[in-house]
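The primary structure of each chain is shown beneath.
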Amino acid sequence: MRNYILVIGIAFFFNSCEKEIPLDDQEKAPRIVINGIFSANDTMRIHISESRNILYEGELPNITNADAKLLDANGNVIGTFLHEGDGYYVMTEVIPQVGSVYGITVAATGFTSVSASSYTPEVLSSVQIDTLRTGETMKYEIIFQDDPNEINYYSLSLKKLYYYYDSWTGDTVLYEDNYFCTNEVIVQSGYSDVNGDICGMAMLFSDATFNGQNYSFSCSNYISVWEDTCRMVATLSSVSEDYYKYNVTLAKYEQTQGDPFAQPVQVYSNIENGFGIFGGYSSFSDTLIIP
Amino acid sequence: MKPTNLFLSLLFILASQIIFSQTKFTISGYLKDSETGEVLIGGKVYVPVLKVGAVANTYGFYSLTLPAGTHEVIYTFVGREPIKMSIILDADLSLNVDLKPSGMLDEIVITGEVSQQESTEISTIDLQMEKVKSLPVLLGEIDILKTAQLLPGISSGSEGSSGIYVRGGGPDQNLILLDGVPIYNANHLFGFFSVFNADAINSVKIVKGGFPAEYGGRISSVIDISMKEGDMKEFHGEGSVGIISSKFMFNGPIKKDKTSFMISARRTYIDLLAKPFIALANSKNPDDNVSGGYFFYDINGKVNHIINSKNRIYFSAYLGDDKFYVKNKYTYDDAGIAKIEESTGGLSWGNKIMALRWNHQVGPKLFMNTTLNYSDYIFKTGFGLEGYEKGKQSTPFESYSFEYLSGITDWGGNMHFTYFAGPKHKIDFGIGETYHTFKPGVNQLKTDFGGTVTDTVYGGKRTYAHEFYGFIQDDFKLNRRIMANLGVHFSNFIVREKYYYALQPRAAFNFMLDEKSSVKVSYSRTAQFLHLLTNTTIGLPTDLWVPATDTIPPQIGNQFAIGYTRELNKGYRIGSEVYYKTMNNLIEYKEGASFFDTSKDWEQLVEVGRGFSYGMEVLFEKRTGKTTGWIGYTLSWTMRQFDNLNQGKIFPYRYDSRHDISFVLTHKFNDHIDVGVVWVYATGNAVTLALQQYNALSQDGFYSTTVEHIDERNNYRMPSYHRLDIGVNLHKEKKWGQATWSFGVYNAYNRKNPFYLEFGYLKNSDIKVLKQISLFPIIPSVNYSFKF
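Source: prediction; values computed, not measured.

**Side note on the overall build of chain B**
Okay, so step 1: The number of helices and strands found in chain B is five helices and 49 strands.
Okay, so step 2: Within chain B, buried positions represent 55% of all 788 residues.
Okay, so step 3: Excluding contacts between residues fewer than 6 apart, the proportion of contacts in chain B whose partners are at least 24 apart in sequence is 65%.
Okay, so step 4: Surface exposure of chain B reaches about 32400 Å², of which carbon and sulfur atoms provide 60%.

In structure tokens, the structure reads:
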């Protein structure tokens, strides 16, 4: 790389000049960051930290003294988050319910207050999972009915749990592998492999091409003959629009890191005056025993 | 005399008067330079008493129909002595007129050009090559596109670039024609210079709006460049030797007054100049040997043959290439075995065009041009790595090579007719067809690691398309004060069994307020069946020309413009225009899309959206006397909107520049010395910068990603750009011709203008800052040119 730069520099005969462009105070001011993904029927746990201006080099601090409140659909305070440690806050007063709207406000000394709202979609009432094993490839058809009355967003994950005998230690260890692939063109997350399939640990997609229909989502993963007593936990979540946009853009952002040829990615945020995400989802899970 | 005879005589006289007064005849012919025989494109023929005139077309042909009788006719062209002649018109007359060069524009010429106010041309500039050659420029390299950037409504985009952004349009939206053939990449040296050798150019016409119906295929501008044809009478040559390039042009008769030729060539020698420095660097590190360089060349050629008074043929060709290469050979010891690792890398791009044209004068009022053309643009980049034992290069133990190729090839033809119905009425019509072959982004990857070989081709398949069009336009005078140009351009595009068509009405009206001022109004609808995919993250010529397809629709433009111009005393002119322009079906790369993404076709990597721009342009010129020049000012807004970019919100185009000012002045002290001064100012470009960072946690909380947050696309304004250039030309007459020494200073007050911004560290500092990288400091130049 040094030699390439040397040749270019010599070839042009010029010394390029550099100077600092100062950032104004507005651009430097830190803001509150919320990492707040929550699920219906599960304790709400969020993380609050600080952003820093782009020139900062160091650990990004957590906020441990925030005043974080949970609101209902009408903006009424229904609970106060309690700080557990390391910037994590837990809601003990309210368990999010399916099909509900929640809001959050966070205030901290020295910061502009932030707020956001999201919802927990209705759970899918029935999901059918068909499987077919061919050698070491396990194929799945996940069949579900989409609600025709609204735009729906989904997240699918397949968690493989298996025991593996480690001949070196003599132990049989429980492993977890979340990696699977699909050739569904509707997926907006994941990495493309050499076969043109999309692979990853969660598949995000919307009902734009199958609204109101009974849809069959195909995917597959790898099961080695050495993997014993294998179980597959398939989770199909209905996710909020905020959750969907955030995770799709974040996945794209992560994929493009270190690629100088990639277009910049704007990671979605629904936090007003801040950054991060406050997004809800509801899940349907099924565990399959793989013979 | 008997009463009957008297009556019959009177009747005869009356009848002959009536017949004679209604009889019209046509003067037609070619306007040429008396010394070189070069046609004078845009030369004017004017009859002051009747206040009618005509303009010579691209081939120097004019036609003017007048009532029978005696007329005083003035022939004029900028920089030539006008000719007034008295013509007795009692039959159609073929009259070729040769105009002599003059040292300076004077009032007589301006009088002859009063008819400019009568033209329906709006948003149109005719660049004078004498002006282009007299202005101070970067490294002494005269460049017509850089001169065009000094005019209102036309900006360069970035430092040193010869890219053209016209009224908020993109660089792909300019129809750049060289002798009627489109050029796809008009840049040398990564955009620092254009491919046009000014010595080979006769005329340049730039249309920013109010497009006549004869033009189609692009939605923002037309840059119509005509090459010189060659001196029909004597051999002449011109050349220059500069800091980084030299050029030479030679032209003359093959057969006097019948056939002429022109050939010009230019090459840089940056690679040769860099060799000693590279050798010096290598001498300090014998195990690590680097070689490399950069060069560009271009060659223009033309042959012009007059078959007879009604037929001429021309053959013109252009060939040009840019090549950047680097090679590194590293020798190392691996467990006592000497091994070599050789890496290579390079970029090259180039255009080839050819045109064969036939002019035929069907009659005194009907002129026809038929053109067959070929255009080929190709861009290649690649890198390779090979490892082998010393002395065993033929059997490497590892090799890896990657090549990326893109391009576009056109075969086409057209027929264009001009019917000079009368002095107030000219009709143009024609048809054309182009067969496009698009090669958008083909990747080839070859690897050989220990005998395991792969050879894979990825990426865009060739796409073939037919583009054909027809047009008709009528340029006419409604009355003494109102002129109009109404037309329609109808184009069709067939690609992959998908058929697109676009009916594009064009209208321009000129309301003459008085002899010296006019108001012009225009509307144009334009269609473009090609897109240029531009990668904004890297400054390399990696742009891809791609067609409209069944999934990506063609671009559509609509532009309204209103302008006012006034001729003032002593050669001054002031003009102002306001415009509003919409652009639909623009494409941009999707967020996260990578230029080298081999797993998807380009269509899967883009979003479709729209743009709009509006603004006001003012041009105040002094066009005569020893001191000439202009002040141009543009106030403009240019925005884009894509549903899936920037969260659907409107954002400024990267090259949205609120204020743009140019000041151009040339002063001729005498025939030996002239000076030029250029000062430009532009509001900084809009770039995308992340200004905040935060941690995004995974759902299970086990890992986090530090996100550099981008609030809005193109959210940050670079500092403004301004620069002063000064040049002086010293001419000396020699026995064999003329020699000129040109001395110039680019960026005379050494302004550190922004080239790009990045986050990093200044020298000798460990504090991270936002850095502005500047490219060109104060740069003196010296250039020796000659003419014989």
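Read on for the rest.
**Topic: the overall build of chain A**
Okay, so step 1: When its secondary structure is counted, chain A shows three helices and 21 strands.
Okay, so step 2: Seen through its C-alpha atoms, chain A measures out along the principal axes to roughly 65 × 60 × 50 Å.
Okay, so step 3: Total accessible area computed for chain A in this model is approximately 14300 Å², and 49% of it derives from carbon and sulfur atoms.
Okay, so step 4: Side chains of chain A carry 14 positive and 37 negative charges; the gap between the two charge centres is 6 Å.

**A few points about the confidence of the model for chain B**
Reading fine detail from the predicted coordinates is not recommended where pLDDT is low.
All names here are of chain B.
Okay, so step 1: With 88% of its residues at a pLDDT of 70 or more, chain B shows a mean pLDDT of 86.
Okay, so step 2: Helix H2 (residues 107–112) is the least confidently modelled element of chain B, averaging 40 in pLDDT, while strand S38 (residues 651–652) averages 97, the highest of any element.
Okay, so step 3: Every residue in residues 105–114 scores below 50 in pLDDT, and together they form 21 contacts with partners more than four places removed in sequence or on other chains.
Okay, so step 4: In the predicted complex, the global pTM is 0.85; the interface-specific ipTM is 0.90.

**Considering helix H3 (residues 241–256) of chain A**
Okay, so step 1: Between the first and last C-alpha of H3(A) there are 23 Å, a value that for 16 residues agrees with the 22 Å anticipated at 1.5 Å per step.
Okay, so step 2: Looking at H3(A), one finds that the buried residues are Asp242(A), Tyr243(A), Tyr244(A), Tyr246(A), Asn247(A), Val248(A), Thr249(A), Leu250(A), Ala251(A), Tyr253(A) and Thr256(A).

**Comments concerning the sheet that holds strand S4 (residues 52–53) of chain A**
Okay, so step 1: Reading across from one edge, S4(A)-S42(B)-S43(B) is the order of the three strands in this open sheet, with antiparallel pairing throughout. Each edge of the open sheet is held by one strand with a lone partner, namely S4 of chain A together with strand S43 (704–709) of chain B.
Okay, so step 2: Running at roughly 90 degrees to S43(B), H3(A) makes contact with strand S42 (692–697) and S43 of chain B of the sheet.

**Structural notes on the sheet that holds strand S5 (residues 69–76) of chain B**
Residues and elements named next belong to chain B.
Okay, so step 1: Read from one edge to the other, the open sheet built from four strands follows the order S3-S2-S5-S6, with strand pairing classed as antiparallel. Strands at the two margins of the open sheet, each flanked by one partner only, are strand S3 (52–55) and strand S6 (83–89). Taking the axes of each pair of neighbouring strands and ignoring which way they run, one obtains an average angle of 25 degrees across the sheet.
Okay, so step 2: Note that S5 and S6 share seven bridges and pair antiparallel. Residue pairing in the sheet places Val73 in a bridge with Met85 of S6.

**Quick notes on the environment of Glu607(B)**
Okay, so step 1: Residue placement: Glu607(B) occurs in strand S36 (residues 606–622).
Okay, so step 2: Using a relative accessible area of 12% as the deciding quantity, one classes Glu607(B) as buried.

**Notes on empty space enclosed by the protein**
Residue and element names in this part refer to chain B.
Okay, so step 1: Tallying each qualifying case throughout the model produces eleven cavities of 30 Å³ or more.
Okay, so step 2: The space that makes up the largest cavity amounts to roughly 530 Å³.
Okay, so step 3: Along its surface, the largest cavity is lined by 35 residues, and Gln149, Ser156, Val680, Tyr721 and Arg723 are the ones closest to its centre.
Okay, so step 4: Sorting the residues of the lining of the largest cavity by element identifies helix H4 (144–148), strand S39 (659–668), strand S40 (673–682) and strand S45 (721–733) as the ones contributing at least two each.
Okay, so step 5: It is S40 that provides the largest number of residues to the lining of the largest cavity, a total of four residues.
Okay, so step 6: Looking at the second largest cavity, its volume works out to about 160 Å³.
Okay, so step 7: For the lining of the second largest cavity, the per-class residue count stands at seven nonpolar, eight polar and two charged.

**Overview of the packing of aromatic side chains**
Okay, so step 1: With the rule as written, the count across this model stands at 54 aromatic pairs over all chains.
Okay, so step 2: Centroid distance Tyr653(B) to Tyr655(B): 5.6 Å. Interplanar angle 75 degrees. Geometry classified as edge-to-face. Of the two residues examined, Tyr653(B) and Tyr655(B), each falls in the buried class.
Okay, so step 3: Measuring from ring centre to ring centre gives 6.3 Å for Tyr784(B) and Phe786(B), while their planes differ by 35 degrees; the resulting arrangement is tilted.
Okay, so step 4: Positioned above the aromatic ring of Tyr162(A), the side-chain terminus of Lys160(A) is 5.1 Å from the ring centre.
Okay, so step 5: The ring of Phe397(B) is capped by Lys339(B), whose NZ or CZ atom sits 4.8 Å from the centre of that ring.

**With respect to the environment of Val207(B)**
Okay, so step 1: Tracing the backbone through its elements, the reader meets Val207(B) in strand S16 (residues 201–207).
Okay, so step 2: Residues Val207(B) and Glu708(B) lie 501 residues apart in sequence; the distance between their C-alpha atoms is 42 Å.

**What about the environment of Phe490(B)?**
All names here are of chain B.
Okay, so step 1: Mapped onto the elements, Phe490 comes out in strand S29 (residues 482–495).
Okay, so step 2: The class of Phe490 is partly exposed, set by a relative accessible area of 32%.
Okay, so step 3: Separated by 277 residues in sequence, Phe490 and Ala213 place their C-alpha atoms 8.8 Å apart.
Okay, so step 4: Residues within four places of Phe490 in sequence aside, it is in contact with Phe468, Tyr469, Gly470, Tyr499, Tyr501, Ala502 and Leu503.

**What about the pattern of salt bridges?**
Residue and element names in this part refer to chain B.
Okay, so step 1: Applying the stated criterion across every chain, the model contains 34 salt bridges over all chains.
Okay, so step 2: The closest approach of N and O atoms between Asp257 and Lys233, which form a salt bridge, is 3.2 Å. Here Asp257, found in the loop between strand S19 (245–255) and strand S20 (259–268), pairs with Lys233, found in the loop between strand S17 (221–227) and strand S18 (236–241); they are 24 residues apart in sequence, far enough to count as distant.
Okay, so step 3: Classification of Asp257 by relative accessible area gives partly exposed; the value is 41%.
Okay, so step 4: The exposure class of Lys233 is partly exposed, given its relative accessible area of 29%.
Okay, so step 5: Across the pair Lys426 and Asp428 runs a salt bridge whose closest N-O atoms are separated by 3.4 Å.
Okay, so step 6: One network of salt bridges, with partners in common, ties together Arg167, Lys208, Glu577 and Glu617.

**Describing the domain arrangement of chain A**
Residues and elements named next belong to chain A.
Okay, so step 1: With domains assigned, chain A is organised as domain 1 (4–121 + 239–282) and domain 2 (127–238 + 286–290).
Okay, so step 2: A straight line from the C-alpha centre of domain 1 to that of domain 2 covers 28 Å.
Okay, so step 3: Taken together, the contact between domain 1 and domain 2 spans twelve residues of the former and 13 residues of the latter.
Okay, so step 4: In total, domain 1 and domain 2 occlude about 1100 Å² of area from one another, counting both sides; carbon and sulfur atoms represent 61% of this.

**With respect to the side chain of Ser51(A)**
Okay, so step 1: You can see Ser51(A) is positioned in the loop between strand S3 (44–50) and S4.
Okay, so step 2: Here Ser51(A) falls in the buried class, since its relative accessible area comes to 0%.
Okay, so step 3: Engagement of the side chain of Ser51(A) in a polar contact is seen with the backbone nitrogen of Arg31(A), the distance being 2.8 Å.
Okay, so step 4: Not counting residues within four places of it along the chain, the set of residues in contact with Ser51(A) comprises Pro30(A), Arg31(A), Val33(A), Phe275(A), Gln692(B), Gln693(B) and Tyr694(B).

**Comments concerning the state of the cysteines**
All names here are of chain A.
Okay, so step 1: By the definition in use, this model includes one disulfide over all chains.
Okay, so step 2: A disulfide bridge connects Cys181 with Cys199, and the sulfur atoms are separated by 1.9 Å. Between Cys181 and Cys199 the disulfide shows an S-S torsion of about 105 degrees. By sign, it is right-handed. Of this pair, Cys181 sits in strand S15 (residues 180–182) while Cys199 sits in strand S17 (residues 198–200), and the two are 18 residues apart along the sequence. An identical accessibility class is assigned to Cys181 and Cys199; each is buried.

**Re the side chain of Ser226(B)**
Residues and elements named next belong to chain B.
Okay, so step 1: Assignment of secondary structure puts Ser226 in strand S17.
Okay, so step 2: According to the relative accessible area criterion, Ser226 is buried, its value standing at 6%.
Okay, so step 3: Among residues more than four places away in sequence, those in contact with Ser226 are Ile41, Thr58, Asp179, Ile201, Asn202 and Ser203.

**Structural notes on the pairing of S29(B)**
Two faces, one strand: in a regular strand the side chains alternate between the faces of the sheet.
All names here are of chain B.
Okay, so step 1: Here 13 bridges tie strand S28 (residues 463–477) to S29, and the two strands are oriented antiparallel to one another. Bridge pairing in S29 places Ala465 opposite Val495.
Okay, so step 2: Between S28 and S29, which pair antiparallel one after the other, the connecting turn spans four residues.
Okay, so step 3: Relative to strand S30 (residues 498–514), S29 runs antiparallel, the two being bridged by 14 bridges. Bridge pairing links Asn492 to Tyr501 in S30.
Okay, so step 4: Two successive antiparallel strands, S29 and S30, enclose a turn made up of two residues, where Arg496 displays a positive phi of approximately 45 degrees.

**Concerning the nonpolar core**
Okay, so step 1: Of all hydrophobic cores here, the largest spans 84 residues; its most connected members are Leu178(B), Ile183(B), Phe196(B), Val204(B) and Ile225(B).
Okay, so step 2: Residue contributions to this core peak at four residues, all from strand S23 (residues 337–361) of chain B.

**Some details on unusual backbone geometry**
All names here are of chain B.
Okay, so step 1: Positive phi outside glycine occurs at Arg167, with the angle close to 45 degrees.
Okay, so step 2: Looking at where Arg167 falls in the secondary structure, it is placed in the loop between strand S11 (165–166) and strand S12 (174–178).
Okay, so step 3: For Asn750, which is not glycine, the phi dihedral falls at a positive 55 degrees.
Okay, so step 4: Residue placement: Asn750 occurs in the loop between strand S46 (738–746) and strand S47 (756–761).

Cut-off values and rules
Residues numbered from 1 in each chain as written. Chains lettered and ligands numbered in written order. Predicted model: local features only at pLDDT ≥ 70, side-chain atom pairs only at ≥ 80, totals over all residues. Heavy atoms only, no water. Helix = DSSP H or I, 4+ residues; strand = E, 2+ residues; numbered from the N terminus. Buried < 20%, exposed > 50% of the residue type's maximum accessible area, 1.4 Å probe, protein only. Contact = heavy atoms within 4.5 Å. Areas by Shrake-Rupley, 256 points an atom, 1.4 Å probe, with all protein chains shown as cover. Lys, Arg positive; Asp, Glu negative; His and termini not counted. Charge placed at Lys NZ, Arg CZ, Asp CG, Glu CD. pLDDT = per-residue confidence, 0-100. Expected span 1.5 Å × (residues − 1). Pairing = 2+ DSSP bridges. Axes fitted to C-alpha atoms, helices over the stretch in contact; angles between N-to-C directions. 1 Å grid on protein atoms, 1.4 Å probe; cavity = no way out; pocket = protein on both sides within 12 Å on 5 of 7 lines; lining within 4 Å. Points joined across faces, edges and corners; volume = space filled by probe spheres on them. Nonpolar A, V, L, I, M, F, W, Y, C, P; charged D, E, K, R; others polar. Phe/Tyr/Trp six-rings, centres within 6.5 Å; stacked < 30°, edge-to-face > 60°. Lys NZ or Arg CZ within 6 Å of the ring centre and 35° of its normal. Salt bridge = Lys/Arg side-chain N within 4 Å of Asp/Glu carboxyl O. Domains from an automatic or database assignment. Buried area = accessible area lost by both parts, 1.4 Å probe. Polar contact = N/O pair within 3.5 Å; in protein donor to acceptor, adjacent residues only side chain to side chain. Disulfide = S-S within 2.5 Å. Core = buried A, V, L, I, M, F, W, Y, C linked by side-chain atoms within 4.5 Å.

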